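If you want the building blocks of each chain, they are given just below.
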Amino acid sequence: MDLIKWIIATAPEIFLLLAVAIGTVLGRQKFFGFSIGTTACILIVSVILGQLGNFVIPPLFKSIFFSLFVFTIGFKSGPEFFASLSIRTLSQVIVAMVVAFTGLALVLTFAFALHLDSGTSAGLAAGALTQSSVIGTASGALAQLGLPDDVLRQQQSNIAAGYAVTYILGYILTLMFVPFVAPWIMGVDLKKEAAKLEAELSGGKAPKSGNLAYQKFKARAYRVAVAAGQTVGAVEDRIGHRVAVERIVRGGNDVEPNRKTVLETGDEIALAGPTAAIVRAGGSIGPEIEGAEVLREVLGDALGVLVSNNALHGRTLSEIADRVGDAARGVFLRDLTRRGQEVPVTPETRIYVGDVMTLVGATHDVERAAATVGQVLRYGDKTDIAFLTVGIAFGLLAGLLSVKVGSIAVTLGGAGGALVSGLVCGWIRARRPSAGSFPPAAQQTLSDIGLGGFIAAIGLVNGPAALTAIQAHGWMLLGMGVVVTLVPLTVATLVAYRILHMNPIIICGALAGAMTVDAAITGCCERADSQTPVLGVAVPYAVGNVLLTILGPVIVAITYNG
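One numbering rule holds for all chains: residues counted from 1, following each sequence as written. Where totals are concerned, whole chains, interfaces and linings use all residues; where local detail is concerned, this predicted model gives features only for residues with pLDDT of at least 70, and gives and counts side-chain atom pairs only at 80 or more. Only heavy atoms go into the side-chain values, all of them from the structure, while hydrogens and water stay out.

Attention now goes to the overall build of the protein. Secondary structure elements follow DSSP: runs of H or I no shorter than four residues count as helices, runs of E no shorter than two count as strands, and numbering proceeds from the N terminus. Within the protein, the regular secondary structure consists of 23 helices and 14 strands. Its C-alpha atoms put the protein at 90 × 55 × 45 Å along the principal axes. Three labels apply to residues, based on accessible area from a 1.4 Å probe with only protein chains included: buried if under 20% of the type maximum, exposed if over 50%, partly exposed otherwise in between. In the protein, which comprises 562 residues, the proportion classed as buried is 54%. Across the protein, every contact between residues at least 6 apart in sequence was considered, and the portion connecting residues at least 24 apart equals 82%. Only four residue types enter the tally: Lys and Arg on the positive side, Asp and Glu on the negative side, with His and both chain ends excluded. Charge positions are represented by NZ for Lys, CZ for Arg, CG for Asp and CD for Glu. Each charge class in the protein can be summarised by its mean position, and for the 40 positive and 38 negative side chains these summaries are 3 Å apart. In what follows, residue pairs with any heavy atoms lying within 4.5 Å of each other are defined as contacts.

This is the structure:
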């Protein structure tokens, strides 16, 4: 035991890293088909380890950890958040706002009715609304109040206790509510509604040949005979399926293959497009040839492209194809993902900033189309550390500013400032792809390490006091947590269905997004036997991430009574 106390006194970071490691492993395990997540497990493990002794972890460490996490959250959500400020996505924004503000109202009601302190109130909000970042923003707000060390430590312990008691149940209730309770409240069958939405999106029939749908992409060479005297555009339109003449060789020289070029007998052309279409093209052009030379420069490519063009936000694929025009010639959409979930591809599928398209076609065509859609995801890119650190620094600087409201100084705090800075930097990156490279893998790593390290530090430092608070108020917190989780979801369901008249499938996706619970999306898709619930996730997720995160300082400002 003396050895353990010596390690705690000289190198507490060892236990911090162990808490992150053990919590991460446990968080990945599935119990009865679902996992409770790494954040909750890290907190539980760190609270248990915190019973071993008196941990002293410098506040600077916690500040750096949480700043990395919250800046990354802002960076990822920035393009989607600012793009969501649009009339086309207003109903989905309202769903996220109803969840956040109803949750806030309930937490404040409990706080004043039961005389809860600021820390317990913030912990209740963090756990019941399943938003771990509230722990950091509330802790930062409390630290700005100039409280004595023992009082501040108790308040932070209460945050940890409130979160630990309410998060797991809040997470489970959200997983159950979205695919089961919400459809029951609306009186709909999720599978039937998904089938109806799929039929509506495709117009009740197979997708049109003019959209960006993908079959297998290939290129073949033909010698012009039947098509002599016709323009390239006329030949492409006759074959259909958005095939494209990628190259024309006439007498050993290249001819520009634009749609107005007139083909001549003996021209050798490279035709690219879906395999099923180009294998039948000979009857419209002429005999197929081996064409090694003409095909030599027609290289196929597949690029992941992050949608960042605000002009495309909320528009259907058919609208985007018309808007992009000739830039999409010869380019096909292989798949579309939203927050890691595959999205059904039909002419009426709506695209949102933050979606990832996989575009296929000839290399130069794909790169041309990608430039009109957003940013090419090149996973070999390095993180722009200068951009990242300057962004966080400016955010922390903004967090030092305060405004007096009565006797209380209202401030963003370091966490709030880092969040706002992350939003702005993410928006800048979307507008200027050459600035601020921050690859998705790096974002995930910093987010996981930042949140995990911060939560572990909170649990270790406040372990004994948190455990005492859980033992004293556990059942009361649990009951309040159930209310704070279920009532906002119920109110948002009724508002979306009865007042906003949203599609039930979109509502289910929006509820999961507003609570920022990715697993609820998966459960909803499985229940609906369709990927259509993913269509409602993007906007509420981005807005929910921001609104729920700022609840921390708001709750502290309203409930703190000196």
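As a further point, take the side chain of Thr-358. Among the secondary structure elements, Thr-358 is positioned in strand β11 (residues 356-362). For Thr-358, a relative accessible area of 12% translates into the label buried.

Let's shift gears to the state of the cysteines. In a disulfide, the sulfur atoms of two cysteines are covalently bonded to one another. A pair of sulfur atoms, both from cysteines and within 2.5 Å, is called a disulfide here. Using the criterion set out here, one finds 0 disulfides in the structure. Distance from the sulfur of Cys-525, which forms no disulfide, to the nearest cysteine sulfur (Cys-524) is 6.2 Å.

Tracing the backbone through its elements, the reader meets Ile-172 in helix α8 (residues 149-186). With relative accessibility at 25%, the residue Ile-172 sits in the partly exposed group. Spatially, the C-alpha atom of Ile-172 lies 10.0 Å from that of Thr-130, the residues being 42 residues apart in sequence.

Here the focus is helix α22 (residues 538-549). Here a helix's expected span is defined as the number of its residues, less one, multiplied by 1.5 Å. Between its first and last C-alpha atoms α22 spans 17 Å; for 12 residues at 1.5 Å apiece the expected length is 16 Å, and the two agree. Counted residue by residue, α22 has 12 buried out of 12 residues, so it is predominantly covered.

A separate point is unusual backbone geometry. One non-glycine residue, Thr-130, adopts positive backbone phi at about 50°. Take Thr-130: it is sitting in the loop between α6 (118-128) and α7 (133-143). Under the relative-accessibility criterion, Thr-130 is labelled buried at 6%. Backbone geometry places His-501, a non-glycine residue, at a positive phi of 55°. For His-501, a relative accessible area of 62% translates into the label exposed.

Take the environment of Gly-170 next. Relative to the helices and strands, Gly-170 resides in helix α8. When the C-alpha positions of Gly-170 and Thr-372 are compared, they lie 41 Å apart, and in sequence the two are 202 residues distant. In this structure Gly-170 touches Gly-127, Ala-128, Thr-130 and Thr-485, once residues within four positions along its chain are discounted.

A separate point is the nonpolar core. Core analysis: the biggest nonpolar cluster contains 138 residues, and Phe-71, Met-357, Leu-359, Val-484 and Leu-511 have the highest contact counts within it. Counting residues per element, this core draws most heavily on α8, which supplies 13 residues. Ignoring sequence-local partners within four residues, the contact set of Leu-511 consists of Val-95, Phe-177, Val-178, Ala-182, Leu-489, Ala-492 and Thr-493. Judged by nonpolar contacts, the second largest core, of 16 residues, contains Val-224, Val-232, Val-245 and Ile-285. To define a nonpolar core, start from buried Ala, Val, Leu, Ile, Met, Phe, Trp, Tyr and Cys residues and group those joined through side-chain atoms within 4.5 Å.

On to the confidence of the model for the protein, then. Parts of the model with low pLDDT should not have their predicted coordinates read in detail. The predictor attaches a confidence to each residue, called pLDDT, with possible values from 0 through 100. When pLDDT is averaged along the protein, the result is 83; 90% of the residues meet or exceed 70. Least confident of the elements in the protein is strand β14 (residues 408-411), whose mean pLDDT is 60; most confident is helix α5 (residues 90-113), at 94. Contacts of residues 205-215 to residues separated by more than four positions or lying in other chains number 23 contacts, the stretch itself having pLDDT below 50.

Take the layout of surface pockets next. Here the term cavity refers to a set of points on a 1 Å grid, laid over the protein atoms alone, in which a 1.4 Å probe fits but cannot get out; the term pocket refers to an open set having protein on both sides within 12 Å along at least five of seven lines, with lining residues being those that place an atom within 4 Å of a point. Grid points are joined across faces, edges and corners, and a volume is the space filled by probe spheres set on the points. Looking at the second largest pocket, its volume works out to about 630 Å³. Around the second largest pocket, the lining is made up of 25 residues, and of these Pro-59, Lys-62, Ala-143, Leu-152 and Gln-156 lie nearest the centre. Of the residues forming the lining of the second largest pocket, the biggest block, 5 residues, is contributed by helix α4 (residues 59-83). For the lining of the second largest pocket, the class distribution of residues is 13 nonpolar, 9 polar and 3 charged. Any residue outside Ala, Val, Leu, Ile, Met, Phe, Trp, Tyr, Cys, Pro, Asp, Glu, Lys and Arg is labelled polar, Gly included; the first ten of those are nonpolar and the last four are charged.

For the pair α6 and helix α19 (residues 463-499), the least separation of the axes is 9 Å and the interaxial angle reads 55°. Considering the angle they form, α6 stands oblique to α19. In terms of crossing hand, the pair formed by α6 and α19 is right-handed. Here Thr-120, Leu-124 and Ala-128 of α6 come into contact with α19, specifically with Leu-477, Met-480, Gly-481, Val-484 and Thr-485. Counted by class, the contact of α6 with α19 contains 5 nonpolar, 3 polar and no charged residues. The convention used is that axes are lines fitted to C-alpha atoms, helices contributing only their stretch in contact, and that angles between N-to-C directions extend from 0 to 180 degrees. Each angle receives one of four descriptions, namely roughly parallel if under 35 degrees, roughly antiparallel if over 145, roughly perpendicular if within 65 to 115, and oblique otherwise. Whether a crossing is left-handed or right-handed is set by the direction in which the near helix is turned from the far one by less than a right angle, anticlockwise for left-handed and clockwise for right-handed.

When DSSP finds at least two bridges between two strands, those strands are taken to pair. In the sheet, strand β8 (residues 331-338) pairs with β11 via 6 bridges, with the strands oriented antiparallel. Across the sheet, the residue bridging to Val-331 is Gly-361, located in β11. Pairing of β8 with strand β9 (residues 341-342), which is carried by 2 bridges, proceeds in the antiparallel orientation. Residue pairing for β9: Thr-337 is matched across the bridge by Glu-342. The turn linking β8 back onto β9 is made up of 2 residues, and Arg-339 within it adopts a positive phi angle of 55°.

Two elements in contact, α7 and α8, have axes whose closest approach is 10 Å; the angle formed by their N-to-C orientations is 165°. Relative to α8, the element α7 lies roughly antiparallel. As α7 packs across α8, the resulting crossing turns out to be right-handed. In this structure, α7 contributes Ile-135, Ala-138, Ser-139, Leu-142 and Ala-143 to the contact, and α8 contributes Leu-152, Gln-155, Gln-156, Ile-159 and Tyr-163. Looking at the contact of α7 with α8 residue by residue, the classes come out as 7 nonpolar, 3 polar and no charged.

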